[in-house]
Amino acid sequence: MALFELPAWTALAPALVLALTAMVLFIVDSISPDSRNSGLLAGTTAAGSIVSLGVAVWYILAGVGTPTIDGGRGVIDVLGDQFVVDQLALFFMIIVAVVTALVAVASYDYMEDHTYQAEYYSLVLLAATGMSFMAAANSLVTIFIALELASLPSYALVSILKDNRGSVEGGLKYFLIGALSSAIFVYGISLVYGATGHLQLTNIAEVVEAGDADPYGGLLGLGILMLIGGFAFKTASVPFHFWAPEAYEGAPAPIAAFLSSASKAAGFVIAFRVFTEAFPVADTASAIGVDWTLAFVILAIVTMTLGNFAAATQNNVKRMLAYSSIGHAGYALIGLAGISAGGGELVMGAAMMHLFVYGFMNTGAFLFVALAEYWGVGRTFEDYNGLGRRAPVACFALAIFMFSLAGIPPLGGFWSKYFLFTGALEAGLLVVAAALVINSALSLYYYTRLVKAVWIEEPVTERDALAQPVGLYAAIVVAAVMTLALLPLFGPVADTAVDAATAMLA
Amino acid sequence: MMIEALIAVALVGAFVTFVAPNRIAGKLAFAISLIPAALSLWMFSAFDGSGNALLGGELAFASEFEWIQFGEYSISWLVGLDGISMPLVVLTTILSSLAIVSSWTPIDERESQFYGLVLFIEANLIGVFAALDFFVWFIFWEAVLIPMYLLIGIWGGPRRKYAAIKFFVYTNVASLVMFGAFIALVFGLGDVTTFALPDVTAAMLDGGPDGFLGIGGTTLASLVFVAMFLGFAVKVPIVPFHTWLPDAHVEAPTPASVLLAGVLLKMGTYALLRFNFTMFPAEIIEPFVIPIAAIAVISVIYGAMLALAQTDLKRIVAYSSVSSMGYVILGLIALTQFGVGGATFQMVSHGLISGLMFMAVGVIYNATHTRMVTDMSGMADRMPVAVGILVAGAFGYMGLPLMSGFFGEFTIFFGAFGAEGLAYSQVFTALAMFGIVIVAGYLLFALQRTVFGPYHLETDYDVDRAPLHDIAPMFVLLGLIILLGVAPELIFEMITDAVDPILETGGEL
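Residues numbered from 1 in each chain as written. Chains lettered and ligands numbered in written order. Predicted model: local features only at pLDDT ≥ 70, side-chain atom pairs only at ≥ 80, totals over all residues. Heavy atoms only, no water.

*Asks:* For this particular structure, what's the right way to read the overall build of chain B?
*Replies:* When you go through chain B residue by residue, the secondary structure sums to 21 helices and six strands. Relative to the 2.2 N^0.38 estimate, which gives 23 Å for 509 residues, the radius of gyration of chain B is 22 Å and therefore close to what a compact globule would have. Summarising its shape, the C-alpha atoms of chain B cover approximately 70 × 55 × 40 Å along the three principal directions. Residues classed as buried in chain B amount to 67% of the 509 residues present. For chain B, restricting intrachain contacts to residue pairs at least 6 apart in sequence, the fraction spanning at least 24 positions comes to 79%. Total accessible area on chain B is roughly 16,000 Å²; 66% of this is exposed by carbon and sulfur atoms. Distance from the positive charge centre (16 side chains) to the negative charge centre (37 side chains) of chain B: 19 Å. (Helix = DSSP H or I, 4+ residues; strand = E, 2+ residues; numbered from the N terminus. Rg over C-alpha atoms; globule rule 2.2 N^0.38 Å. Buried < 20%, exposed > 50% of the residue type's maximum accessible area, 1.4 Å probe, protein only. Contact = heavy atoms within 4.5 Å. Areas by Shrake-Rupley, 256 points an atom, 1.4 Å probe, with all protein chains shown as cover. Lys, Arg positive; Asp, Glu negative; His and termini not counted. Charge placed at Lys NZ, Arg CZ, Asp CG, Glu CD.)

In structure tokens:
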């Protein structure tokens, strides 16, 4: 294959394609600034993300990032190790590209009559670029830059409905907490730099392993704690979660889908990379006196429990989904909690699989909310009553998303939760595994509540026939089909995720 | 690939029906359902399996593919039929077709969705009986819940929401308990790295688990046995886990009741036979024999007494299932050829008879809009054919010779009476046989009041004869009931062929 002749930086193509597409949108916008031609804008965005997805899938199939002993082409370093393209990076680039494509297609209808169309789509692409780079960033500096590149457009996107109070308020809250978290994160970086003298993850690991950071153990520990704070913000984990319900509720629903799926996945990939590459568990523990996986054990249990309990008490569908997405962050945190034990690669792989499945089922669920907002049916569970009569296909898809989020076989969510469960058991995290099961059982309550509303309850108000926006429908159906299709396709996904995790932990 | 074809036809048919227009959905679903029905009958005639699927028997129509590898554990697509599952697959396909026909009259809204869900259930039920890898099996097992929840919740009676949620919560919690137990068992087995049931069975009979999480091997096996028994007991259901059943049955639309009583309950007893009574060696089962037999007898008597106390025809039929499934449990725990074989035969037989009874009650309800025994009398005057079938079905329930119920119950009692591993087996059997008297009592009592005597009806509806498409499926069922009653060896031979290895390899006490 021609891959060998390409210069190394082309390995970042999945991210670069997204950036390039954003530039194309700028050009389109400057040629015809008043453009309401949302078809062109949404189409370009979707095309760009599908190309990005295609390139990432091609790289993974061509063996980029797989160890050369397995017949792969090895990890590719870019810019003197500032970025790496390995299986982990490609896996998450795929998630980001998929969600971006779905969101772009769905936004075509949702944003139809809004102003700032070109801005909207280019911000989506820039945020996606940032997330894609987060997947590949290999030094604390590039991680921070990528994180901010993803965050700044997100703040604007949340508050893009300028006439809507909720949107502006959510955006402001998101921005303030985001700024604070960034400050904490960058302070954490400086402390880690102070303790180790390096920013590149592998160099930090060398210093820690050699024991040279031991005199500054307290400094390093504080730095790590602050880094965890930064990740907790980006992944909407406790205790930095409280922006999420506000922001998701206020944001346009496709953006809520985007943030809760892609942005969360991107937050997790840097967490996976930083904590497996830079801070080897045993050596770090001897330097700072504490095993940092303990922090993730606690975070995982608290986050999933708090998210699920809060979700169960909501009356507003979007807030319910927002809290449930906090709960799912808790599930994914298990991936970090278990990596110190034997079988850690299974736990981490399982968390990656969960984020992959989540990219479809959660995006789909939020896109259904977008559809409901498009119809103007209201926001509470009661408002959704009886929608199944009017829109059976979309509601069928919704049922798939809900049952999958709840982890009912045979849907994708069952598999990833099951692998998390066995992974946690193998890693000896009994309490976490138990919490996972109890929380899943609890979550069934509020997920079926939505299914019950659309399918079983009688509508409160008589509705006329509902419009069937093509873009939203297409995105929802694709997400539903993928949630189902993961059943036969789970083998390769599981293989890729576990291989990537094994390589990271090696 | 025949089993895959069966499942695929039903699945694809479900999606096609779901998007078809309401007006043709019923006929379309029936036409589609005839394909798996015909295929399964052909498979039945060409059946060449031997022995028990879990004990190294020769499977019919088997296929196996590698599927998912996670760590050292692998999951594969493993399906096949033996003498126990073959009759149940045929029962599923036939009963699904008939249930679809019997829905043509009562279902008059959102038809395409309704029939789509029925076909979806059919696909999963076939999967439950054919799958031999725990994961594949569990997926089908759980996937049955969702459509049944929706069938009850959308098309059910006035208290449908309550009934649907109760059904879902009860059976789902039970599944979780069972799932956790099985996973713990596989982890405890150590050197077994697949979830294929034959492999797990072989390891269980060859020394059992080493222990897990500090729990010793024997204790673990016993705990798993209990947890799985509880998990399946809810599905069967047996007293005291039966309370979801009358609610679900009474609220469910007729065709859903037919499938619920006809096939879904059999999932529980089928799983009990496959897991609890095949996988575990005799020394693990032994301490539980008396309690299980006691629960079985209590289910028989208590279910029958509850039925006796009802005035709603559908409730009577629903509670009688609790009692009939008690017989099945008694036959299983006897662990003799006639006991287990008779129990398996009774699963098929009860599927046919209870299906028939629910259809007959449904037809009467369609005509009268009441199911209360107190509201009607002399129905035989106005609906002679439907009522005739109801009476015939009731006689089948009571175990009239030459109908399938007789052979099923007789073999169970015969097997249980002489069970060597079951202390006081004669006492248990005698008590259970007393159930027959109560069954005859409440059925005759109900028939006496509704069917015979002068015509009287306390509703404003004109009672008319049921259309042919309501009557025809009942005749098919009645024909099958009599056919199996006259010639039980049609399926009993293949059943005993699959049951015998269970008793040889350690089951027999």
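From this point, the discussion proceeds with the structure in view.
*Asks:* Any chance you could explain the overall build of chain A here in plain terms?
*Replies:* Helix and strand counts for chain A come out as 19 helices and two strands. Scaling as 2.2 N^0.38, a compact globule of 506 residues should have a C-alpha radius of gyration of about 23 Å, and chain A matches this with 22 Å. Principal-axis analysis of the C-alpha atoms gives chain A an extent of 70 × 55 × 45 Å. When burial is assessed residue by residue, chain A has 66% of its 506 residues classed as buried. Put simply, 80% of the contacts in chain A that link residues at least 6 apart link residues at least 24 apart.

*Asks:* Looking at this structure, I do not really get the interface of chain A and chain B. What am I missing?
*Replies:* Interface extent is often summarised as the accessible area lost during association of the parts. Contact with chain A, which involves 38 residues of that partner, is made by 35 residues of chain B. Across the chain A to chain B interface the summed buried area is about 3,200 Å²; carbon plus sulfur atoms make up 79%. The three residues of chain A that bury the most area against chain B are Y418, W455 and I456 of chain A, which together make up 19% of that side's buried surface. Summed over the shared surface of chain A and chain B, the result is three salt bridges. The residue E109 of chain B makes a salt bridge to R389 of chain A at a minimum N-O spacing of 3.6 Å. One can count three residue pairs in polar contact (both at pLDDT 80 or more) joining chain A with chain B. Elements that contribute at least two residues to the side of chain A that touches chain B include exactly α14 (344-375), α15 (387-390), α16 (392-406), α17 (412-426), α18 (430-455) and α19 (470-505) of chain A. A per-element tally of the side of chain A that touches chain B places α17 of chain A first, with nine residues. (Buried area = accessible area lost by both parts, 1.4 Å probe. Salt bridge = Lys/Arg side-chain N within 4 Å of Asp/Glu carboxyl O. Polar contact = N/O pair within 3.5 Å; in protein donor to acceptor, adjacent residues only side chain to side chain.)

*Asks:* I tried to follow the packing of aromatic side chains on my own but got confused; where do I start?
*Replies:* We describe a pair of aromatic rings using the distance from one ring centre to the other and the angle between the two ring planes. Going through the model one piece at a time under the given rule, you end up with 77 aromatic pairs over all chains. Residues W58 of chain A and Y59 of chain A carry aromatic rings whose centres are separated by 5.3 Å and whose planes lie at 45 degrees to one another, so their mutual orientation is tilted. Among the residues examined, W58 of chain A registers a relative accessible area of 37% and is labelled partly exposed. A centroid spacing of 6.3 Å and a plane angle of 50 degrees characterise the contact between W42 of chain B and F61 of chain B, whose relative ring orientation is tilted. (Phe/Tyr/Trp six-rings, centres within 6.5 Å; stacked < 30°, edge-to-face > 60°.)

*Asks:* Looking at this model, I keep getting lost on the pairing of strand β1 (residues 60-70) of chain B. Mind explaining?
*Replies:* The side chains of a regular strand alternate between both faces of the sheet. All names here are of chain B. Direction of pairing for β1 relative to strand β2 (residues 73-81): antiparallel, over a ladder of eight bridges. Bridge pairing in β2 places F65 opposite W77. Between the antiparallel neighbours β1 and β2 lie two residues, among them G71 with a positive phi of about 60 degrees. (Pairing = 2+ DSSP bridges.)

*Asks:* Honestly, the packing of helix α5 (residues 140-158) of chain A against helix α10 (residues 253-278) of chain A in this entry has me stumped. Any pointers?
*Replies:* When two helices pack together, their arrangement is given by the angle between their axes and by how far apart the axes lie. All names here are of chain A. Orientation of α5 relative to α10, taken along the N-to-C sense of each, is 170 degrees, at an axis distance of 12 Å. One element, α5, and the other, α10, form an angle in the roughly antiparallel class. Mapping the contact onto sequence places L140, I143, L147, S154, L157 and V158 in α5 and I255, L259, I270 and V274 in α10. Grouping the amino acids of the contact of α5 with α10 by side-chain chemistry returns nine nonpolar, one polar and no charged. (Axes fitted to C-alpha atoms, helices over the stretch in contact; angles between N-to-C directions. Parallel < 35°, antiparallel > 145°, perpendicular 65-115°, else oblique. Nonpolar A, V, L, I, M, F, W, Y, C, P; charged D, E, K, R; others polar.)

*Asks:* How should the pattern of salt bridges be read in this particular structure?
*Replies:* Oppositely charged side chains can form a pair if their charged atoms are brought close together. The tally for this structure, following the rule as stated, stands at 19 salt bridges over all chains. A salt bridge links R159 of chain B to D247 of chain B, with the shortest nitrogen-to-oxygen separation between them at 3.5 Å. Here D247 of chain B lies in helix α10 (residues 244-251) and R159 of chain B lies in the loop between α6 (145-155) and α7 (160-189), a separation of 88 residues in the sequence. Where salt bridges share partners, they join K173, E246, E249, K318, R319, E373 and R379 of chain A into one cluster.

*Asks:* Got a minute to help me understand the nonpolar core in this structure?
*Replies:* Nonpolar side chains tend to gather and get buried jointly when the protein is soluble and globular. Formed by 420 residues in total, the largest nonpolar core has its most connected members in F92, F279 and W415 of chain A together with F134 and W137 of chain B. Looking at which element gives the most residues to this core, the answer is α14 of chain A, with 22 residues. Here F279 of chain A is in contact with V192, I204, L220, I224, L227, V274, T284 and W292 of chain A, once residues within four sequence places are set aside. (Core = buried A, V, L, I, M, F, W, Y, C linked by side-chain atoms within 4.5 Å.)

*Asks:* Looking at this structure, I do not really get the environment of R371 of chain B. What am I missing?
*Replies:* All names here are of chain B. Checked against the element boundaries, R371 lands in the loop between α15 (337-368) and β5 (376-377). Taking the C-alpha atoms as reference points, R371 and R315, separated by 56 residues in sequence, lie 9.0 Å from one another. Not counting the four nearest positions on each side in its chain, R371 is found in contact with V250, T311, D312, L313, K314, V361, Y365 and M376. In this structure the side chain of R371 is engaged in a polar contact, spanning 3.3 Å, whose partner is the side chain of D312.

*Asks:* Just to check I follow, could you spell out the confidence of the model for chain A for this structure?
*Replies:* Keep in mind that low pLDDT regions are not for reading the predicted coordinates in detail. With 98% of its residues at a pLDDT of 70 or more, chain A shows a mean pLDDT of 88. Within chain A, α5 of chain A carries the highest mean pLDDT (93), whereas helix α11 (residues 281-288) of chain A carries the lowest (83). (pLDDT = per-residue confidence, 0-100.)

*Asks:* Explanation requested: helix α3 (residues 87-110) of chain A in the structure shown.
*Replies:* The terminal C-alpha atoms of α3 of chain A lie 34 Å apart, and with 24 residues this matches the ideal 34 Å at 1.5 Å per residue to within 8%. Of all 24 residues in α3 of chain A, 22 are buried, a share of seventy percent or more. (Expected span 1.5 Å × (residues − 1).)

*Asks:* Sorry, what's going on with the layout of surface pockets here?
*Replies:* It is a probe the size of a water molecule, rolled over the atoms, that shows where empty space is left. Computed from the structure, the largest pocket encloses a volume of approximately 880 Å³. If you go around the largest pocket, you meet 34 residues; those closest to its centre are P410, L484 and L487 of chain A together with L11 and F120 of chain B. Counting residues per element, the ones that place at least two in the lining of the largest pocket are α16 and α19 of chain A together with α1 (2-19), α4 (111-130), α5 (134-143) and α6 of chain B. If one sorts the elements of the lining of the largest pocket by residue count, α1 of chain B sits on top with seven residues. By residue class, the composition of the lining of the largest pocket is 30 nonpolar, three polar and one charged. Put simply, the second largest pocket is a space of about 720 Å³. (1 Å grid on protein atoms, 1.4 Å probe; cavity = no way out; pocket = protein on both sides within 12 Å on 5 of 7 lines; lining within 4 Å. Points joined across faces, edges and corners; volume = space filled by probe spheres on them.)

*Asks:* Sorry, what's going on with the UniProt feature "domain: NADH:quinone oxidoreductase/Mrp antiporter transmembrane" (unreviewed entry) in chain A here?
*Replies:* Feature annotation in UniProt assigns "domain: NADH:quinone oxidoreductase/Mrp antiporter transmembrane" (unreviewed entry) to the following positions: residues 137-443 of chain A. Structurally, residues 137-443 of chain A comprises 79% helix and 0% strand, and the distance from its first C-alpha atom to its last is 34 Å. (UniProt positions renumbered as here; feature names shortened; annotations may be inferred.)

*Asks:* So what exactly am I meant to see when it comes to the UniProt feature "domain: NADH:quinone oxidoreductase/Mrp antiporter transmembrane" (unreviewed entry) in chain B here?
*Replies:* If you check UniProt for "domain: NADH:quinone oxidoreductase/Mrp antiporter transmembrane" (unreviewed entry), the listed places come out as residues 132-428 of chain B in our numbering. The distance from the first to the last C-alpha atom of residues 132-428 of chain B is 33 Å, and the span holds 77% helix and 2% strand.

*Asks:* Sorry, what's going on with a nonpolar patch on the surface here?
*Replies:* A cluster of nonpolar side chains, namely V290, L294, I298, V302 and L306 of chain A, defines an oily patch on the protein surface of about 390 Å² accessible area. Relative to the helices and strands, V290 of chain A is located in the loop between α11 and α12 (293-312). (Patch = residues over 30% accessible without salt bridge, like charges linked within 9 Å, V, L, I, M, F, W, Y side chains within 5 Å.)

*Asks:* Would you mind going over the pairing of β2 of chain B with me for this structure?
*Replies:* With nine of its nine residues buried, β2 of chain B lies for the most part within the structure. On β2 of chain B, burial covers both faces: Y73, I75, W77, V79 and L81 of chain B on one face and S74, S76, L78 and G80 of chain B on the other are all buried.

*Asks:* Hey, could you run me through the packing of helix α8 (residues 217-234) of chain A against α11 of chain A in this one?
*Replies:* All names here are of chain A. Direction vectors running N to C along α8 and α11 enclose 120 degrees, while the axes themselves pass 8 Å from each other. Relative to α11, the element α8 lies oblique. Here α8 contributes G217, L220, G221 and I224 to the contact with α11, which in turn contributes T284, A287 and I288.

*Asks:* It is not clear to me how helix α9 (residues 217-235) of chain B should be interpreted in this structure. Could you clarify?
*Replies:* Because each turn of an α-helix spans 3.6 residues, side chains separated by three or four positions in sequence point in the same direction. Along its 19 residues, α9 of chain B runs 27 Å from first to last C-alpha, staying within 8% of the 27 Å computed at 1.5 Å per residue. Taking burial as the measure, the 19 residues of α9 of chain B include 14 buried ones, the bulk of the element.

*Asks:* Help me understand the side chain of T129 of chain A in this model?
*Replies:* Residues and elements named next belong to chain A. For T129, the position within the fold is in helix α4 (residues 117-136). A distance of 3.3 Å separates a polar side-chain atom of T129 from the backbone nitrogen of A19. Within polar-contact distance, the side chain of T129 engages the backbone oxygen of L125 at 2.6 Å. When near neighbours in sequence (up to four residues on either side) are disregarded, T129 contacts A15, L18, A19 and L149.

*Asks:* Help me understand the environment of A466 of chain B in this model?
*Replies:* All names here are of chain B. Position of A466 relative to the elements: it lies in the loop between β6 (456-457) and α20 (468-486). Classification of A466 as partly exposed rests on a relative accessible area of 21%. For the pair A466 and K27, spaced 439 residues apart in sequence, the C-alpha separation works out to 18 Å. When residues no more than four places from it in sequence are discounted, the contact partners of A466 are V363, M383 and I471.

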